[in-house]
Amino acid sequence: MFGKFASLHEAYGRVRQAGADPFGVAFDEVVSPTTARIGGRDILLLGTNNYLGLTFAPEAIAAASDALHRYGTGTTGSRIANGTYAGHAELERRVARFLGRRDAMVFTTGHQANLGILATLAGREDHLLLDADSHASIYDGARLGSASVTRFRHNDPGDLARRLRVLADKPGDRLIVVEGLYSMLGDVAPLREIAAIKRETGAYLLVDEAHSLGVLGERGRGLIEAAGVHDDVDFVVGTFSKSLGSIGGFCASDHAGFDLLRLAARSYMFTASLPPSVVASVMTGFDLIDQRPQLRAQLSANAARLHAALAASGFRLGPSVSPIVSVRLRDPALAVTFWNRLLSAGIYVNLALPPATPEGESLLRSSVSAAHSFAELDRAAAIITAIGQELGIAGPQAAAAESYVSAAD
Amino acid sequence: MTEYDEMVGAIAEVVRSLGKAEVPAGLVITDETRLADDLKLDSLAVMDFVMALENRFDLVIPMDELTEVVSVGDLARLLLGHLKTQSAG
Ligand SMILES: Cc1ncc(COP(=O)(O)O)c(C=O)c1O
């Protein structure tokens, strides 16, 4: 049964040999949105997706604990079989209102939202067109359904248009799936161009704003708001587990009939609904996004600061300045060593290795939070730079070498 | 040369040009060459390299059809099949 995992076992063994286990980091205690403790030492958290730092917002904690005391610890069942709590329906109205959509459905995680929506919406004759760098949950949802699935080149509207042209004579509907902010390199989708293709071809468009909700757009509505394409987007998916600092997922839409998915999407029907305390913290999170635009301003200043410092050190980074700042490395072994050195120095970032990465690169992925201070970010950048220099991958020389390589790409 | 041989040749060329596969020195890529076992392409690398072929031949190959593909020959037949139905359609 486990024989088929031999090569995974071997690769994992190699990664662990280099020091701590990057995929099994256990914090003894997480004490704030930006600090944890391991073995009595403080660790600066720079890989959390806690974009607005809301996990410890006193208002959210108060609302969650009030709901916990009033409505109990869990719902012990699904919305369909065991009933909807008032909070679920209220949260759905809140999501719909927040995004300016007619309806919203709340799922227990963002992963389940993608599973349920993609597997159910696109049927046997239909075609799903996924950006090649899509999150695993999008691929999983596509595989679970019966539509024909094709990937287009990451952020390449030309390749998307070509594929839609080839499919033009085939029956069925087309659903284009993109993300607002891509989680590995922090690059944004060229949403205006994609929306134009959608209009020209009569396709449907789904945008997963998992990393961009609360982060992009003047009012934090996401890339759809930032790109000004509200009316071109048919379905918005997102999660409560990142900027909202809690857990849960959703899909929102203006289409009449969207509500019927409640009786068709299996990942909605056959799993327990969110507990009342979580619902309360998410509701409060939406309030805070609306009440505190300064959080978004701070986040974007913080992102620019870390990005600029690491770019100045000569690291090769993603194409956009965003709260996801990834140092791109070609050698996985070097990336593992680098990651371990950072953890020993008290900095936690995410390590992403191929094949889970774009273009087979290895990434040291940071996600910046509005809760970071400039002092914390400057210290992190200095430590990352010092270790990078020791390992021979930072500094003006390295930058020249990397830009040479990227020019040749 | 038949269109099948030509397709095998085109696939071999794309395999080499993408630089993702570990093509052992001296290996001649034939229709019997296996993508995973001989060329060490993982499933994602296979998808990327099929994407390059789709662009070259202006095709769209649904992802689920790739699950049956083991060898270069399997892939050549799949691509040829799509080229025929597409130009007929
Ligand atoms: C693009 C995208 N969609 C969906 C998810 C899943 O979200 P959740 O953590 O709520 O399952 C993630 C998070 O990892 C993501 O990056």
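Residues numbered from 1 in each chain as written. Chains lettered and ligands numbered in written order. Predicted model: local features only at pLDDT ≥ 70, side-chain atom pairs only at ≥ 80, totals over all residues. Heavy atoms only, no water.

Engineer: Report on helix α7 (residues 157–166) of chain A, specifying residues and quantitative values.
Structural biologist: Residues and elements named next belong to chain A. Counting buried residues in α7 gives seven out of 10 residues, a clear majority hidden from the surface. For α7, the set of buried residues is Pro157, Asp159, Leu160, Arg162, Arg163, Leu164 and Val166. Capping the start of α7, aspartate 156 holds a side-chain oxygen 3.0 Å from the backbone nitrogen of glycine 158, two or three residues further along. (Buried < 20%, exposed > 50% of the residue type's maximum accessible area, 1.4 Å probe, protein only. Helix = DSSP H or I, 4+ residues; strand = E, 2+ residues; numbered from the N terminus. Polar contact = N/O pair within 3.5 Å; in protein donor to acceptor, adjacent residues only side chain to side chain.)

Engineer: Would you mind going over the sheet that holds strand β6 (residues 148–152) of chain A in detail, with residue names and values included?
Structural biologist: Residues and elements named next belong to chain A. Pairing is mixed across the open sheet formed by seven strands, whose spatial order is β4-β10-β9-β8-β7-β5-β6. Taken across any chain shown, the strands that pair with only one partner, and hence form the sheet edges, are β4 (103–107) and β6. Mean inter-strand twist for the sheet, computed between neighbouring axes without regard to direction, equals 20 degrees. As judged from the five bridges shared by strand β7 (residues 174–179) and strand β8 (residues 204–208), these two strands associate in the parallel manner. For glutamate 179, the partnering residue across the bridge sits in β8 and is aspartate 208. In the packing of helix α4 (residues 86–99) onto the sheet, the strands contacted are β4, β9 (235–239) and β10 (249–253), and the crossing angle to β4 comes to about 125 degrees. Against the sheet, α7 contacts β5 (127–131), β6 and β7, and its axis sits at roughly 150 degrees relative to β6. (Pairing = 2+ DSSP bridges. Axes fitted to C-alpha atoms, helices over the stretch in contact; angles between N-to-C directions. Contact = heavy atoms within 4.5 Å.)

Engineer: A description of the pattern of salt bridges should follow, citing residues and the corresponding values.
Structural biologist: Tallied over the full model, the rule gives 31 salt bridges over all chains. Close ionic contact of A:Arg165 with B:Asp58 constitutes a salt bridge, the shortest N to O distance being 3.1 Å. Here B:Asp58 lies in the loop between α2 (43–57) and α3 (72–88) and A:Arg165 lies in helix α7, a pairing that spans two chains. Assessed through its relative accessible area of 49%, A:Arg165 is described here as partly exposed. On the basis of relative accessible area, B:Asp58 is assigned to the partly exposed category, the value being 26%. A salt bridge links B:Arg34 to B:Asp37; the nearest nitrogen and oxygen atoms lie 3.4 Å apart. (Salt bridge = Lys/Arg side-chain N within 4 Å of Asp/Glu carboxyl O.)

Engineer: Describe unusual backbone geometry, listing the residues and the values that go with them.
Structural biologist: In the Ramachandran plot, A:Asn155 falls in the positive-phi region, its phi being about 55 degrees despite a non-glycine side chain. By the element assignment, A:Asn155 lies in the loop between β6 and α7. A positive phi angle, near 55 degrees, is found at B:Lys40, a position not held by glycine. Position of B:Lys40 among the secondary structure elements: in the loop between α1 (3–18) and α2. With relative accessibility at 49%, the residue B:Lys40 sits in the partly exposed group.

Engineer: Tell me about the interface of chain B and chain A, and name the residues and values.
Structural biologist: At the junction of the two partners, chain B supplies 16 residues and chain A supplies 16 residues. Roughly 1,400 Å² is buried in total at the junction of chain B and chain A, and carbon and sulfur atoms are behind 54% of that figure. Together, B:Met51, B:Val60 and B:Met63 form the three largest contributors to the area buried by chain B at its contact with chain A, with a combined 40%. Across the contact surface, chain B and chain A share four salt bridges. (Buried area = accessible area lost by both parts, 1.4 Å probe.)

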